[in-house]
Amino acid sequence: MPLSSRPVILDGDPGHDDAINILLACSNPELEVLGVTTTYGNVGLNRTTQNALIVRELIGATFPIYPGADRPLIAERLSAEAVHGESGLDGPDLPVPRRPAETLHAAQFIIESVRSRPGEITLLPTGPLTNLALAFRLAPDILPLIREIVWMGGSTDTGNWTPAAEFNALCDPHAAQIVFESGVPITMFGLNVTHQAIANPARVAAFRQLGTRVGEFTAVLLEFFAEHHRLRYGWDGGALHDPMTAAYLLAPELFAVRPMRVDIDITTGPSAGRTHCDVWNVTGQAPNADVAMQVDADGFFALLVERLAGYR
Ligand code: RIB
Ligand code: CA
C-alpha cells in the first residue's frame, strides 16, 4: 500500500537506537511525525526527554515532545545506563536544545491525537509500553480508532535483560499485557529479529561517509552502542533495534512477519516479562499480533543510509 504522509506518534526512551528511529521517521515525506512522547526506560524520564529534545535540535525539526510516565504501572523501575551511558545518549557531542518539551502528558497527547484523526494514526513505541497503557485505560474509546501499533520489544526466544525477558517488555509487563489485550492491531519487532541487524564497522562507516553532521552523529552513537554488545555478545556492533519500527512502515518488504498469539508473563518469577510467542500455534489460540521473524539486514541498513543522507 503506497504510503502518503502516514501520521505517526513515536513513543520511546532515547536511547541510542530510539534516537536513530526519530532520525529515520523524520527523514522523509511518507511519514508525518505528529509528536514524540517520552517515557522512562533506558534512563530516567528527564533524560529521555532531554535526549528527544537534543535529536529534534540536531535536525531542526518542529515536532512537539510530550513527557509521559516516569515509572512502570506496578513493577520497580529498571534502567540501562550500562548500555546507553549516564546521559542515555553517551558518545557524540550533543547540541543544546533551545525549545522545551510540552506540558501536556504523553498519554493525553496520544488520546487527543487519536480522537482528532480517527483511524489514521500509527503508534511507534520503542520503549516500555506504560504511556500507551495509561492512554488506553484513561480513554478506552480510542482503541478502535488507532490504525496500528508497531512496537520494538519482546522476543520469540531469549531475553536480553533476563534469560526470559527483553528490556522493554520487562520494564512494564502489566502495560504490555494491556496493550496486547487491547485488540489494537500490533506488529512486534522482538530481539529474535533485531539481533539479525548488527551495526558492524562497515555499516557504521557508511553513515560516516555521508559527510554530514547527522551521519557523524549516527556513526558515533553506533560506535558507543557497539561496546555493550561487544562485551556481552562478542559481536562487532550493536543490534539496531528501534529503527525497525519506522523502517517497517517505509519498506515492509524488508521484513517477514507472522501472525501469532502473544501472551505477556506478569508473574514475578524468572519468566517475568517474557513475551510468550506461540510461533507454531500449539495452543490453537487466535493470533493477537503480527510478529517479525526475518529482516533483510543489508536492505535495512541501506534504507537507513539512504534516508539519513537527506539531512544536510
Ligand atoms: O531491548 C532493546 C530495547 O530496550 C531497545 O528499545 C532499547 O532502546 C531499549 O529501550
Ligand atoms: Ca528504546
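Quick note: structure is the one above.
Residues numbered from 1 in each chain as written. Chains lettered and ligands numbered in written order. Predicted model: local features only at pLDDT ≥ 70, side-chain atom pairs only at ≥ 80, totals over all residues. Heavy atoms only, no water.

Surrounding the calcium ion (ligand 2) are the protein donor atoms Asp-13 (OD), Asp-18 (OD), Asp-18 (OD), Thr-126 (O) and Asp-242 (OD), which sit 2.2 to 2.6 Å from the metal. All donors to the calcium ion (ligand 2) come from one chain, and their sequence spacing reads D-x4-D-x107-T-x115-D. Residue Asp-13 is located in the loop between strand S1 (6-12) and helix H1 (16-25), and its partner Thr-126 is located in the loop between strand S4 (122-125) and helix H5 (130-138); the two are separated by 113 residues in the primary sequence. The same class applies to Asp-13 and to Thr-126, which are both buried. (Donors = N, O, S within 2.8 Å, 3.2 Å for Na, K, Ca; no water. Helix = DSSP H or I, 4+ residues; strand = E, 2+ residues; numbered from the N terminus. Buried < 20%, exposed > 50% of the residue type's maximum accessible area, 1.4 Å probe, protein only.)

Tracing the sequence through the fold places Glu-57 in helix H2 (residues 45-59). Taking relative accessible area as the criterion, Glu-57 reaches 18% and is therefore assigned buried. Engagement of the side chain of Glu-57 in a polar contact is seen with the side chain of Arg-98, the distance being 2.5 Å. In contact with Glu-57, other than residues within four places in its own chain, are Pro-95, Val-96, Pro-97, Arg-98 and Arg-99. (Polar contact = N/O pair within 3.5 Å; in protein donor to acceptor, adjacent residues only side chain to side chain. Contact = heavy atoms within 4.5 Å.)

This paragraph deals with the pattern of salt bridges. A side chain of one charge can pair with a side chain of the opposite charge when the charged atoms of the two come close. In this structure the tally under the stated criterion is 15 salt bridges. Ionic pairing is found between Arg-307 and Glu-30, a salt bridge with its closest N-O pair at 3.1 Å. One end of the pair, Arg-307, is in helix H12 (residues 297-308); the other, Glu-30, is in the loop between H1 and strand S2 (31-38), with 277 residues separating them in the sequence. In this structure Arg-307 comes out as buried when scored by relative accessible area, which is 14%. (Salt bridge = Lys/Arg side-chain N within 4 Å of Asp/Glu carboxyl O.)

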